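# Results of the structural survey
Each chain is listed here by its residues.
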Amino acid sequence: GESVGLHLPTLSVQEGDNSIINCAYSNSASDYFIWYKQESGKGPQFIIDIRSNMDKRQGQRVTVLLNKTVKHLSLQIAATQPGDSAVYFCAENIRAGGGADGLTFGKGTHLIIQP
Amino acid sequence: NAGVMQNPRHLVRRRGQEARLRCSPMKGHSHVYWYRQLPEEGLKFMVYLQKENIIDESGMPKERFSAEFPKEGPSILRIQQVVRGDSAAYFCASSPPEVSNEKLFFGSGTQLSVL
C-alpha cells in the first residue's frame, strides 16, 4: 500500500481471481486497523476491521490479515467481481475506543478488475 | 436510516470568498470528523468534534479554517478567504457515542473548487 510520488499503486486482476492488497503501517502502538473502499466520486465505504489482539478476521468474500511483527496488513478479496474496482485504503488508530488523533489513512491502492 | 449527509455536493468559489460545508451525522451519532482528500491521495484528518466541543483539531490549518458542531443543526466546516490550494474533496464522517475513531461512516463528500 505504500506509494511513491503522486500516483497510486495499481493492482490489476482478472475477474474471478483472488486479490491481495497490502498495507504497511508505521506505528507499533496502533491497536485498531480498518479497510475502506472508495469508488470514484464517492465517500469511503467500510469493508472490514481488526484489532491488534487478532491475526485474522473474515467477512463476506474478504479476509484481513495482520502481522504485527513486520507491521503489515493485507486485504484479501475472493473471486473478484467488476464491482470490486475501486481504491482501497487501510487506516490505523493508535488509541482505539476514545482516543484522539483520528484514523490515519494510507495512500491507497487502485484495484482494477479485467474481464 | 439515512447515512451521513453532506451538502453541497459541489461548491465553486473564487479566491478570497468563504466556503461553508455542511454535515449531518447519521441518526444517533454524536461524533463528527472532517477529512480532506487531494486527487490520487489518501484522506487527511482535520478535526474531530462532539456536540458543542472540539475534541481534536490537530489536522486543521491554523488560519482561515474553523469547524463547529452546534447543539442543534449540522456540523459546519468553514474556510475563509479561500485560495486555490484549498481545492479538494472534503469528507465528513460520524460515529456513535460509545465508539470514537474506529468504524467511521463517511458521507459522499463536498468537492470544493476554487477559481
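Residues numbered from 1 in each chain as written. Chains lettered and ligands numbered in written order. Predicted model: local features only at pLDDT ≥ 70, side-chain atom pairs only at ≥ 80, totals over all residues. Heavy atoms only, no water.

Turning our eyes to something else, we now look at the pattern of salt bridges. Summed over the entire model, instances satisfying the criterion amount to seven salt bridges over all chains. Measuring nitrogen to oxygen at the nearest pair gives 2.9 Å for the salt bridge that ties Arg61(A) to Asp84(A). Placement of the pair is Arg61(A) in the loop between strand S5 (56-58) and strand S6 (62-67) and Asp84(A) in the loop between strand S7 (72-77) and strand S8 (86-93), with a sequence separation of 23 residues. Residue classification places Asp84(A) among the buried positions, given a relative accessible area of 7%. One salt bridge connects Glu18(B) with Arg20(B), and the closest N-O pair in it is separated by 2.8 Å. A relative accessible area of 35% means that Arg20(B) is categorised as partly exposed. What emerges from the salt-bridge pattern is a single network uniting Glu18(B), Arg20(B) and Arg78(B). (Salt bridge = Lys/Arg side-chain N within 4 Å of Asp/Glu carboxyl O. Helix = DSSP H or I, 4+ residues; strand = E, 2+ residues; numbered from the N terminus. Buried < 20%, exposed > 50% of the residue type's maximum accessible area, 1.4 Å probe, protein only.)

Further remarks concern the environment of Ser26(A). All names here are of chain A. Structurally, Ser 26 can be placed in the loop between strand S2 (19-24) and strand S3 (32-38). Distance from Ser 26 to Gly 106, taken between C-alpha atoms, is 9.8 Å for residues 80 residues apart in sequence. Once you skip the residues sitting within four places of it in the chain, Ser 26 turns out to touch Lys 71 and Glu 92. (Contact = heavy atoms within 4.5 Å.)

Residue and element names in this part refer to chain B. As summarised here, the arrangement of the four strands in space is S1-S3-S8-S7, forming an open sheet in which the pairing is antiparallel. Taken across any chain shown, the strands that pair with only one partner, and hence form the sheet edges, are strand S1 (5-7) and strand S7 (65-68). With direction set aside, neighbouring strand axes in the sheet form an average angle of 15 degrees. Here S1 runs beside strand S3 (residues 19-24); their pairing, made up of three bridges, is antiparallel. In the sheet register, Met 5 faces S3, and the bridge partner there is Ser 24. (Pairing = 2+ DSSP bridges. Axes fitted to C-alpha atoms, helices over the stretch in contact; angles between N-to-C directions.)

Moving on, we get to the pairing of S3(A). All names here are of chain A. With seven of seven residues buried, S3 lies mostly within the body of the structure. Of the two faces of S3, the one lined by Tyr 32, Ile 34, Tyr 36 and Gln 38 and the one lined by Phe 33, Trp 35 and Lys 37 are each fully buried. Bridge count for S3 against strand S4 (residues 45-51) is six bridges, and the pairing is antiparallel. Directly across from Phe 33, in S4, lies its bridge partner Ile 50. Linking two consecutive strands that pair antiparallel, namely S3 and S4, is a turn of six residues; a positive phi of about 80 degrees is found at Gly 41 within it. Here S3 pairs with S8 via seven bridges, running antiparallel. Its bridge partner lying in S8, Ile 34 is registered against Ala 91.

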